[in-house]
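Commentary on secondary and tertiary structure
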Amino acid sequence: MGKASRTKVDVNRREKIAAQRQAARRAEQRKRILLATGSIIVVAAVVLTFVIIKLNGKPAGSTSAQGLSNGPVGTALASVVHDVTTVPVSTSDAVGDGGGAVTAKPTSIKGTALTANGKPEMLYIGAEYCPYCGAERWAMIVALSRFGTFTGLSTVHSAVANGAGNAEPDPDTPTWTFLHATYSGPYLTFTPVEEFTNIPDASNGEYTLLQTPTAAQQAIVTKYAGAQGSIPFIDFGNKYMIEGASYDAGVLGQGKLSWATIASDLHNANSPVAKAVLGVANYITAAICEMTGNQPASACTPTVKSLQSQI
């Protein structure tokens, strides 16, 4: 879109996203300082948190104690997962580039091919508390479901406030966690890392530790995003990367929309949710298709391949 045709709404939206990214970078900086300290208090807090979770039979990342909206379970969860992982190609193609809802696209990077299990690897680094990660997961699940199959997906919320009581942007965003999920498919390997829960930790002012990137994974983040890079971070086989928000997480309702509503909206190409989520999913798909040699054709449609020239 040329500068002359940008509207005031577009400018306001980009200013909001810029503010969100700045907030995410501040949170990420605090997070990396926490990791560097190796505090014994943090370790003790993490152990205590998991003991409590185990005793109460709640999954890691549960925020029910904060009074946030509860996600679907049982058949309701299965129905939502089905809706998110089976968005018709015709609907995604109708959305195309999102019509302005996508605020950031994958960017090109160069490096030795990133592979795992003999296939191109898509590496994701994020956290359960992060609303930008929460928004990105919806698009990632839609896109990756075109190339393979998820099992074990479960719902989670982005955080409302950290352990110091500081409010988070786009609080209570309905989303997913990859913590216990597995992904399989013939075209690529998907490796997710959820670094922190959405459970505030008063002992350090942030969130409880969940998963730690390997040295090799952290080296990738540092190489392409810097020592204080933002989350979510996604590496597409060392061909493309995403860092930070790809669309306005506020479109997901900040806790005012249910998972079922969002999943249903994905099947309506004219909904704000579909334009944002499917628009980003199409760009993610375009990056993955570059990794897989545009296979399979069912995922790498002409509409998707037309986006490859934009990333």
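These numbers were taken from a predicted model, which means no experiment stands behind them.

As for the overall build of the protein chain
Broken down by element type, the protein chain carries 9 helices and 12 strands. Taking the contacts inside the protein chain whose residues are at least 6 apart along the sequence as the reference set, 76% of them involve residues at least 24 apart. Summing over all exposed atoms, the protein chain offers an accessible surface of approximately 13100 Å²; the carbon and sulfur share of this is 57%.

Focus on the confidence of the model for the protein chain
Put simply, the protein chain has an average pLDDT of 85, and 78% of its residues get 70 or more. Every residue in residues 1-17 is under pLDDT 50, and counting partners more than four places away or in other chains gives 10 contacts.

Re the nonpolar core
Of all hydrophobic cores here, the largest spans 79 residues; its most connected members are M122, W138, W176, F236 and I284. It is helix α8 (residues 272-292) that provides the largest number of residues to this core, a total of 14 residues. With residues near it in sequence (within four places) discarded, M122 still touches M140, L144, L188, T189, F190, T191, I234, D235, F236, I284, I288 and M291.

Brief notes about the packing of aromatic side chains
This model, assessed by the stated rule, comprises 10 aromatic pairs. Ring centres of Y129 and F196 lie 6.5 Å apart, and the angle between their planes is 70 degrees; on these two criteria the pair is classed as edge-to-face. Taken together, the residues span a long stretch of sequence, with Y129 in the loop between β3 (119-126) and α5 (131-144) and F196 in strand β9 (residues 196-201) at a distance of 67 residues. Accessibility classification places Y129 together with F196 in one group, the buried group. Grouping aromatic residues by their ring pairs yields a cluster made of Y124, F150, F178, Y183 and F190.

Comments concerning α5
The terminal C-alpha atoms of α5 lie 20 Å apart, and with 14 residues this matches the ideal 20 Å at 1.5 Å per residue to within 8%. With 14 of its 14 residues buried, α5 lies for the most part within the structure.

Focus on the side chain of N238
As for its placement among the helices and strands, N238 is situated in the loop between β11 (233-236) and β12 (240-243). A residue is classified by how much of its surface remains accessible, and N238, at 9% relative accessible area, is buried. In this structure the side chain of N238 is engaged in a polar contact, spanning 2.5 Å, whose partner is the backbone oxygen of T112. Beyond its immediate chain neighbours, meaning those up to four positions away, N238 contacts I109, K110, G111, T112, A113, L114, I220 and Y224.

A look at the packing of α5 against α8
For the pair α5 and α8, interaxial distance at closest approach is 8 Å and the crossing angle is 50 degrees. Regarding the angle of α5 to α8, the classification is oblique. The handedness of the crossing between α5 and α8 comes out as right-handed. When α5 is examined against α8, the residues E136, W138, A139, M140, V142, A143 and L144 are found in contact with a partner set consisting of V277, L278, V280, A281, I284, T285 and I288. Within the contact of α5 with α8, the residues separate by chemical class into 12 nonpolar, 1 polar and 1 charged.

Describing the pairing of strand β6 (residues 174-177)
Across the two faces of β6 the burial is the same, with P174 and W176 and T175 and T177 all buried. For strand β5 (residues 154-157) and β6, the ladder comprises 4 bridges, and the chain directions are antiparallel. Across the sheet, the residue bridging to V156 is T175, located in β6.

Describing the environment of S309
Residue position: S309 is located in the segment after α9 (302-307). S309 sits in the exposed class, given a relative accessible area of 66%. The spacing of S309 and A286 is 23 residues in sequence and 9.3 Å in space, taken between C-alpha atoms. Engagement of the side chain of S309 in a polar contact is seen with the backbone oxygen of S306, the distance being 3.2 Å.

Notes on the environment of I141
Mapping I141 onto the fold places it in helix α5. Spatially, the C-alpha atoms of I141 and T86 are 9.9 Å apart, while their sequence positions differ by 55 residues. When sequence neighbours within four positions are dropped, the list of residues in contact with I141 reads V84, T85, F150, L153, W176 and F178.

Quick word on the environment of G118
Mapped onto the elements of the fold, G118 is located in the loop between β2 (115-116) and β3. Using a relative accessible area of 79% as the deciding quantity, one classes G118 as exposed. In this structure the C-alpha to C-alpha distance between G118 and T189, which are 71 residues apart in sequence, comes to 8.5 Å.

Here is what the cut-offs are and how they apply
Residues numbered from 1 in each chain as written. Predicted model: local features only at pLDDT ≥ 70, side-chain atom pairs only at ≥ 80, totals over all residues. Heavy atoms only, no water. Helix = DSSP H or I, 4+ residues; strand = E, 2+ residues; numbered from the N terminus. Contact = heavy atoms within 4.5 Å. Areas by Shrake-Rupley, 256 points an atom, 1.4 Å probe, with all protein chains shown as cover. pLDDT = per-residue confidence, 0-100. Core = buried A, V, L, I, M, F, W, Y, C linked by side-chain atoms within 4.5 Å. Buried < 20%, exposed > 50% of the residue type's maximum accessible area, 1.4 Å probe, protein only. Phe/Tyr/Trp six-rings, centres within 6.5 Å; stacked < 30°, edge-to-face > 60°. Expected span 1.5 Å × (residues − 1). Polar contact = N/O pair within 3.5 Å; in protein donor to acceptor, adjacent residues only side chain to side chain. Axes fitted to C-alpha atoms, helices over the stretch in contact; angles between N-to-C directions. Parallel < 35°, antiparallel > 145°, perpendicular 65-115°, else oblique. Left-handed = near helix turned anticlockwise from the far one by under 90°. Nonpolar A, V, L, I, M, F, W, Y, C, P; charged D, E, K, R; others polar. Pairing = 2+ DSSP bridges.

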